[in-house]
Amino acid sequence: MSEELFEQLEFVENPLFESIIDDLLTKQFSIVDNFFTSEEVEVLRHSLLAKYEADRFKKSAIGNRTNEEIDKTIRGDFILWMDEKNANEAELLFFGKINELVNYLNKTCFLGILQKEFHYAVYPKGTFYKRHLDTFQNDDRRKLSLVCYLNEEGWPRENGGELTIYTEKEDLDVLPLPGRVVIFESQILEHEVKVVKASERLSITGWLKTR
Ligand code: OGA
Ligand code: MN
């Protein structure tokens, strides 16, 4: 086999990942519908709910993991950090897809993503997360933020809980539709979770980090 052909076999272009990279380069965010199939969302939702019902979530804090402060006037969600080393079947599937994306980004973009951290999140009715940036004074390693929505089919606009992304051009409201993944530049784009008006808003949120 010629060396050239071997190179081509080794690197397979992934159109979905290419479109994410393209979006990030041009507008600093990317919205991908059906990143996870409805079956995948279903198993991930069950995994989240089992842990939520087992009381394993805690009130979210602001700051980072070592510098936490609870302030319900800023955010009202409940979270549980995920542990890839002790992942259940659903979580293995989740990290499988995420790692595929991370490996692709590292091969093609020289982003140098060395670490990642993800947590489940539940926003009960009436909760929100005020406009913010995903970086902290003592941790600027967060490069890309990634949110995956695990709600049941059909999240009507009346349910609220939109992710609003503040870009230079517009304030963009994104509905938390199941299977949808939103990726954005952690240090650049301010965003907000609007008040959840019905039901519970379920998601996995995480960060791809450098250094
Ligand atoms: C966050 C966040 C957005 C969302 O957890 O920092 O901004 O849509 N989440 O859940
Ligand atoms: Mn955020």
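See the structure printed just above.
The residue numbering used here restarts from 1 in each chain and proceeds along that chain's sequence as written. By the order in which they are written, chains take letters starting at A while ligands take numbers starting at 1. Totals for whole chains, interfaces and linings use every residue, but because this is a predicted model, local features are given only for residues with pLDDT of at least 70 and side-chain atom pairs only at 80 or more, for both listing and counting. By convention in this description, side-chain values take in all heavy atoms of the structure and omit both hydrogens and water.

## Things to note about the overall build of the protein chain
Working step 1: Under the scheme used here, helices are H or I runs from DSSP no shorter than 4 residues and strands are E runs no shorter than 2 residues, and both carry numbers assigned from the N terminus. On a plain count of helices and strands, the protein chain comes out with four helices and 11 strands.
Working step 2: We take the radius of gyration over the C-alpha atoms and set the globule estimate at 2.2 Å times the residue count to the 0.38 power. Rg of the C-alpha trace for the protein chain: 17 Å, near the compact-globule value of 17 Å for 211 residues, within the 12% margin.
Working step 3: Throughout, a contact is declared for two residues whenever any of their heavy atoms are within 4.5 Å. Restricting the contact set of the protein chain to residue pairs at least 6 apart, pairs at least 24 apart contribute 78%.
Working step 4: Counting rule for charge: Lys and Arg are taken as positive, Asp and Glu as negative, and neither His nor the chain ends is counted. Here the site of a charge means NZ on Lys, CZ on Arg, CG on Asp, or CD on Glu. Positive and negative charge centroids in the protein chain, built from 27 and 39 side chains respectively, lie 7 Å apart.

## Let's talk about the nonpolar core
Working step 1: Remark: nonpolar core denotes a set of buried residues (Ala, Val, Leu, Ile, Met, Phe, Trp, Tyr, Cys) joined through side-chain atoms within 4.5 Å. Only protein chains enter the accessibility calculation, which uses a 1.4 Å probe; a residue whose area is less than 20% of its type maximum is buried, one above 50% is exposed, and one in between is partly exposed. Counting 34 residues, the largest nonpolar core has Phe94, Phe118, Leu146 and Ile204 as its most contacted members.
Working step 2: Those elements that provide at least two residues to this core are helix H2 (15-27), helix H3 (38-53), helix H4 (89-109), strand E4 (113-123), strand E6 (142-149), strand E9 (181-185) and strand E11 (201-210).
Working step 3: Other than its neighbours up to four places away in sequence, Phe94 contacts Phe36, Leu44, Met82, Phe118, Cys148 and Ile204.
Working step 4: Counting 10 residues, the second largest nonpolar core, distinct from the first, contains Leu163, Ile165, Val174 and Leu189.

## Here we look at the sheet that holds strand E3 (residues 78-81)
Working step 1: Two strands form a pair only when DSSP identifies at least two bridges running between them. In spatial order, the strands read E1-E9-E6-E11-E4-E3-E2; together these seven strands make up an open sheet with antiparallel pairing. The sheet is open, and its two edges are formed by strand E1 (29-32) and strand E2 (58-59), each paired on a single side.
Working step 2: In this sheet, E11 lies alongside E4 in antiparallel orientation, the contact comprising 10 bridges. Bridge pairing links Gln115 to Lys209 in E11.
Working step 3: Only the stretch in contact is used when a helix axis is fitted, and all axes are lines through C-alpha atoms; the angle between N-to-C directions ranges over 0 to 180 degrees. Across the sheet, H3 is in contact with E3, E4, E6 and E11; its angle to E4 comes to roughly 70 degrees.
Working step 4: Where H4 meets the sheet, it contacts E4, E6, E9 and E11, and its direction lies at approximately 140 degrees from that of E4.

## Examining the site of ligand 1
Working step 1: Every residue close to ligand 1 is listed here: Tyr129, His132, Asp134, Val147, Tyr149, Leu163, His191, Val193, Arg201, Thr205 and Trp207.
Working step 2: Polar contacts, as used here, are pairs of N or O atoms within 3.5 Å; protein pairs need one atom able to donate a hydrogen and one able to accept it. Residues neighboring in sequence count only if both atoms are side-chain atoms. The contact in question runs from an oxygen atom of ligand 1 to an N or O atom on the side chain of His132, over 3.2 Å.
Working step 3: Contact between ligand 1 and Tyr149: an oxygen atom at 2.6 Å from a side-chain N or O atom of the residue.
Working step 4: Protein chains bury 98% of the 290 Å² of accessible surface belonging to ligand 1 in isolation.
Working step 5: Elements represented by at least two residues in the shell around ligand 1 include exactly strand E5 (129-132), E6, strand E10 (190-193) and E11.
Working step 6: Ranked by the residues each element gives to the shell around ligand 1, the list is headed by E11, at three residues.
Working step 7: Residues of the shell around ligand 1, tallied by class, amount to six nonpolar, three polar and two charged. For this purpose, a residue is taken to be near a molecule or strand whenever a single non-hydrogen atom of the residue falls within 4 Å of it. For the area figures, the Shrake-Rupley method with a 1.4 Å probe applies, and any residue is considered shielded solely by the protein chains shown. Only Asp, Glu, Lys and Arg are considered charged in this grouping, and only Ala, Val, Leu, Ile, Met, Phe, Trp, Tyr, Cys and Pro are considered nonpolar; every other residue, Gly among them, is considered polar.

## Observations concerning the side chain of Ser30
Working step 1: With respect to the helices and strands, the residue Ser30 is situated in strand E1.
Working step 2: A polar side-chain atom of Ser30 sits 2.8 Å from a polar atom in the side chain of Asp23.

## Here's the deal with the packing of H2 against H4
Working step 1: Interhelical geometry of H2 versus H4 gives an angle of 60 degrees and a closest axis separation of 11 Å. The two elements H2 and H4 meet at a crossing, and its hand is right-handed. Listed contacts from H4 to Phe17, Glu18, Ile20 and Ile21 of H2 are Glu100, Leu101, Tyr104, Leu105, Thr108 and Cys109.
Working step 2: For the contact of H2 with H4, the per-class residue count stands at seven nonpolar, one polar and two charged. Here is the rule for handedness: rotate from the far helix to the near one, and if that takes an anticlockwise turn smaller than a right angle the crossing is left-handed, while a clockwise turn gives right-handed.

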